[in-house]
Amino acid sequence: MIRTLSLVSLCFPFAAVAQDGPTFDCAKAEHEAEIAICENADLAALDRRLADVYGAALDSAGALDAGAEAAVAELKTYQRGWIGGRDECWQSDDVAGCVRDAYLRREGELVATWMLAEPVGTDFWTCDGNPANEVVATYFDTELPSVRIERGDTVDVGTLTRTASGSRYEASFGRSIWIKGNEALYTEASPNEAELSCVRAE
């Protein structure tokens, strides 16, 4: 059974946990990203919040009827990779801002992947005039809004990015959906190489 977190538990005030610091030992902090988290109460609380979300994702992976062991192993591998990416924030002119963005993106990805909160809406998009060519977008009200994108037998997740108009969600491997009213542009990079004009199904 999938463990569901309420949005209240995902978005509790930073001050509630900031006194405890981050989930790691600040005395052993080596990377600039870790040091920034230890010195910033908001980032420390965000670190603890993500730990809760990650724990819920591990519970969901472990509860799968089939492939639980592999799913847990894959999730742990991705999390280690994410930590490595977070630590690359030392290259940013705004280390704290980079770290915060990394945490919010990861939170949105985990929630959307493992359905850890109730979605706030779902759209069915008919693409290139073919009802069989459908993209399903399920939205989550994480602090950085996130989406679960399903097309055929593929599932991906993305987070909202800045754009001059509409709402653009960027997922992995060049996949994105850019929504403007009742229309959307859905894009996939290799290996599928697709750019589809879609309309919201009635």
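Rules used in this analysis
- Residues numbered from 1 in each chain as written.
- Predicted model: local features only at pLDDT ≥ 70, side-chain atom pairs only at ≥ 80, totals over all residues.
- Heavy atoms only, no water.
- pLDDT = per-residue confidence, 0-100.
- Contact = heavy atoms within 4.5 Å.
- Disulfide = S-S within 2.5 Å.
- Helix = DSSP H or I, 4+ residues; strand = E, 2+ residues; numbered from the N terminus.
- Buried < 20%, exposed > 50% of the residue type's maximum accessible area, 1.4 Å probe, protein only.
- Core = buried A, V, L, I, M, F, W, Y, C linked by side-chain atoms within 4.5 Å.
- Salt bridge = Lys/Arg side-chain N within 4 Å of Asp/Glu carboxyl O.
- Expected span 1.5 Å × (residues − 1).
- Pairing = 2+ DSSP bridges.

Trainee: Explain the confidence of the model for the protein chain to me, using residue names and the numbers behind them.
Mentor: Chain-level pLDDT for the protein chain is 91 on average; 91% of the residues reach the 70-or-more range. Note that residues 6-18 has pLDDT below 50 and, in this model, 21 contacts with residues that lie over four places away or in other chains.

Trainee: So what about the state of the cysteines? Which residues, and what values?
Mentor: A complete count under the given rule lists three disulfides for this structure. The disulfide partner of C26 is C38, and the S-S distance across this bridge is 2.0 Å. Taking the torsion about the S-S bond as the criterion, the C26 to C38 disulfide, at about -100 degrees, is left-handed. Separated by twelve residues along the polypeptide, C26 in the loop between helix 2 (15-18) and helix 3 (32-39) and C38 in helix 3 bring together distant segments of the chain. Residue pairing for C89: its cysteine sulfur links by disulfide to C98, the two sulfurs lying 2.0 Å apart. Taking the torsion about the S-S bond as the criterion, the C89 to C98 disulfide, at about -70 degrees, is left-handed.

Trainee: Tell me about the side chain of Q79, residues and numbers included.
Mentor: Summarising the element assignment, Q79 is placed in helix 5 (residues 68-87). The class of Q79 is buried, set by a relative accessible area of 8%. In this structure Q79 touches L50, Y54, R106 and L110, once residues within four positions along its chain are discounted.

Trainee: Summarise the nonpolar core; cite the residues concerned and give the values.
Mentor: Judged by nonpolar contacts, the single largest core of 30 residues is most densely connected at L75, V99, Y103, L110, W114 and L116. Looking at this core, the elements with two or more residues in it are helix 3, helix 4 (41-62), helix 5 and helix 6 (95-114). Those residues in contact with L75 that lie beyond four places of it in its chain are Y54, A57, L58, A61, R106, L110 and W114. Counting 15 residues, the second largest nonpolar core, distinct from the first, contains A137, V147, I149 and I179.

Trainee: For the pattern of salt bridges, give the residues involved together with the corresponding values.
Mentor: Any two side chains of opposite charge can pair if their charged atoms end up close together. For the coordinates displayed, the defined rule picks out twelve salt bridges. For the salt bridge of R168 with E170, the shortest nitrogen-to-oxygen distance reads 3.3 Å. A relative accessible area of 22% places R168 in the partly exposed class. The network of salt bridges with common partners includes R49, R100, E107 and E143.

Trainee: Account for helix 6, with residues named and values stated.
Mentor: Taking 1.5 Å as the rise per residue, helix 6 with 20 residues should run 28 Å; its terminal C-alpha atoms sit 29 Å apart, in good agreement. Following helix 6 by one or two positions, M115 adopts a phi angle in the positive range, close to 50 degrees.

Trainee: Now, about the pairing of strand 8 (residues 194-200): what can you tell me, with residues and values included?
Mentor: Relative to strand 8, strand 1 (residues 121-127) runs antiparallel, the two being bridged by three bridges. Among the inter-strand pairings, C127 is bridged to a residue of strand 8, identified as C198. Relative to strand 8, strand 7 (residues 183-188) is paired through six bridges, and the arrangement is antiparallel. Residue pairing in the sheet places A184 in a bridge with C198 of strand 8. Remark: five residues form the turn of the hairpin made by strand 7 and strand 8, two consecutive strands paired antiparallel; E193 in that turn has positive phi of roughly 50 degrees.

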